[in-house]
Structures are given as structure tokens and as C-alpha cells.
Amino acid sequence: MEPLVETVIEDGRWEELDLPALATRAAEATLTALDIPAEGFTLVVMGCDDARIAELNGTFRQKGKPTNVLSWPSEERASEEPGEAPEPPEPGDPEDPESLGDIAIAYETCQREAAEQGKPVTDHVTHLLVHGMLHLLGYDHVEEADGDLMEATETRILAGLGVPDPY
């Protein structure tokens, strides 16, 4: 059976934070909170540095500067109605799981933001991983109603993980 999260470490500093464990915990909690079974899905989380995420941000979003997290859903899953939760994806076979997509997260930006916000970096990284997971599942924050739904969903998932409300 494939693991839910495949973690690719491009910057060794992520090893100190145990990114694989943080990513798996965030992914499992997100799926559980949305009543989506973890079995039958897979995703990739890449732990990189600011230079790499700036390159990716430039390539995919035409914003050549670092950001904290980027996500690439394997398919469009957004709801048609603003403020409405997306339909959950259909799981694949445990031996051939459905890919939810990819997430990249930048070490320096996460460290800096956590310090600026006076919170543990693991809490901040967990929040960003949950945020990225929700994007993979069709949530977004383009429309205000969608942003409100996404924020409330993040807060609920994080509370279940013992992470204080980031907003």
C-alpha cells in the first residue's frame, strides 16, 4: 500500500522539524475532518528553501519571489458556488491511490513568519500544510465567501491538532 504522503526533502533543515511526520499528521487530520478516507489517496510534499520556492512561484504564478507554501492540485475540485464546500474526491485503490497533488513549503519563509507571529514553527508549518491540503481538495480564498469557509475549516482542523487559531 502506498503511503498517504511522500515527502521530498530538498533542504536538509526540514529534517530537524521532521517534515514527513508534520505533513502526514496535517494530511490525515484534514482528510479526517472532512470525512474523506485517507486510504486510496496520495500526495507529495516538498520541503525546500526560499530560492527554490521563488523559482516555482515565478514559473507557476508569475511572482518571482519567495512565498510560504504552494500547491498544485492534481485536478480542479472547486465548488461552483462561492462559500460552498467542494465535493470530496473519489479514492483510488489502495494499491493504486488517487493523487491529490503536490505541495511545496519554504524553510526560511516559514521560520521568519513563525518568529514574526511569535508562534512555534511547527504550529505554523502545520497550518500551512493544512492550508495546502485544502487547496488540493478544491478550497480557495479568491472569493470572500470561499475564504471564510477555508479559514473556518483550517481553524477547526488545527483545533483538533491542538494548534491555536492562526487568525
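See above for the structure.
Structure report, in brief.

Scoring rules and cut-offs
Each chain carries its own residue numbering, running from 1 in the written order of its sequence. Per-residue local features of the predicted model are confined to residues with pLDDT of at least 70, and side-chain atom pairs are confined, for both listing and counting, to 80 or more; whole-chain, interface and lining totals are unaffected and use all residues. Excluding hydrogens and water, the side-chain figures rest on all heavy atoms present in the structure. Segments assigned H or I by DSSP are reported as helices when at least four residues long, segments assigned E as strands when at least two residues long, and all are numbered from the N terminus. Here the globule rule reads 2.2 Å times residues to the power 0.38, and the radius of gyration is calculated from C-alpha atoms. Burial classes: relative accessible area under 20% of the type maximum marks a residue as buried, over 50% as exposed, and values in between as partly exposed (1.4 Å probe, protein chains only). Here Asp and Glu are counted as negative and Lys and Arg as positive; His is not counted, and neither are the chain ends. A single reference atom marks each charge: NZ on Lys, CZ on Arg, CG on Asp, CD on Glu. The rule for pairing is simple: two strands pair if DSSP sees at least two bridges between them. Every angle, taken between N-to-C directions, lies between 0 and 180 degrees, and every axis is a line fitted to C-alpha atoms, over only the stretch in contact when it is a helix. The contact criterion used throughout is that any non-hydrogen atoms of two residues lie within 4.5 Å. Comment: arc refers to directions from the helix axis out to C-beta atoms. A 1.4 Å probe that fits into a set of points on a 1 Å grid over the protein atoms alone but cannot get out defines a cavity; an open set with protein on both sides within 12 Å along at least five of seven lines defines a pocket, and lining residues are those with an atom within 4 Å of a point. Grid points are joined across faces, edges and corners, and a volume is the space filled by probe spheres set on the points.

Thoughts on the overall build of the chain
Part 1 of the argument: For the chain, the count of helices and strands is 6 helices and 4 strands.
Part 2 of the argument: Put simply, the chain runs from its N terminus to its C terminus through helices and strands in the order β-α-α-β-α-β-β-α-α-α.
Part 3 of the argument: Against the 2.2 N^0.38 benchmark of 15 Å for 167 residues, the chain shows a C-alpha radius of gyration of 15 Å, consistent with a compact globule.
Part 4 of the argument: Taking the principal axes of its C-alpha atoms as reference, the chain extends roughly 40 × 35 × 35 Å.
Part 5 of the argument: For the chain, the proportion of its 167 residues judged to be buried stands at 45%.
Part 6 of the argument: Mean positive and mean negative side-chain charge positions of the chain (10 and 37 charges, respectively) differ by 9 Å.

Quick word on the sheet that holds strand S2 (residues 41-48)
Strand pairing in a sheet relies on backbone hydrogen bonds. The paired strands run either parallel or antiparallel.
Part 1 of the argument: Pairing is mixed in the open sheet, where 4 strands are placed in the order S1-S2-S4-S3. Here the strands that pair on one side only, and so sit at the sheet edges, are strand S1 (5-9) and strand S3 (69-73). Strand-to-strand twist of the sheet, defined as the mean angle between neighbouring strand axes without regard to direction, takes the value 15 degrees.
Part 2 of the argument: The pairing of S3 with strand S4 (residues 98-106) spans 5 bridges and is classified as antiparallel. Counted as the bridge partner of Val-69 is Ile-105 from S4.
Part 3 of the argument: The strands that helix H4 (residues 107-117) touches are S2 and S4; relative to S4, the one it contacts most, it runs at about 65 degrees.

Notes on H4
Part 1 of the argument: Among the residues making up H4, those that are buried are Tyr-107, Thr-109, Cys-110, Glu-113 and Ala-114. Looking straight down H4, one finds that the buried residues subtend no more than 170 degrees of arc, so they occupy a single side. Residues Ala-115 and Glu-116 are exposed on H4 and point more than 90 degrees away from its buried face.
Part 2 of the argument: Residues of H4 that are buried make contact with helix H1 (13-17), S2, helix H3 (50-61), S4 and helix H5 (121-136).
Part 3 of the argument: Downstream of H4 by one or two residues, Gly-118 has phi in the positive range, about 65 degrees.

Focus: the environment of Val-130
Part 1 of the argument: With respect to the helices and strands, the residue Val-130 is situated in helix H5.
Part 2 of the argument: Sequence spacing of Val-130 and Glu-90 is 40 residues, and the spatial spacing of their C-alpha atoms is 19 Å.

A look at the pairing of S2
Within a regular strand, the side chains alternate between the two sheet faces.
Part 1 of the argument: Counting buried positions along S2 gives 7 out of 8 residues, so the element sits mostly inside the fold.
Part 2 of the argument: Sheet topology note: the S1/S2 ladder contains 5 bridges and is parallel. Bridge pairing links Val-5 to Leu-43 in S2.
Part 3 of the argument: Bridging between S2 and S4 involves 8 bridges; their strand directions are parallel. The residue of S4 that forms the bridge with Leu-43 is Gly-101.

Looking at empty space enclosed by the protein
Part 1 of the argument: As enumerated under the stated definition, the model contains 1 cavity of 30 Å³ or more in all.
Part 2 of the argument: Around the largest cavity, the lining residues are Ala-78, Ser-79, Glu-81, Glu-84, Pro-86, Gly-138, Tyr-139, Asp-140, Asp-146 and Leu-149.

Focus on the environment of Ala-115
Part 1 of the argument: Tracing the backbone shows Ala-115 in helix H4.
Part 2 of the argument: Residues Ala-115 and Ala-51 lie 64 residues apart in sequence; the distance between their C-alpha atoms is 20 Å.

Some points on unusual backbone geometry
Part 1 of the argument: Notably, Asp-18 is not glycine yet its phi reads approximately 55 degrees, a positive angle.
Part 2 of the argument: Within the secondary structure layout, Asp-18 lies in the loop between H1 and helix H2 (19-33).

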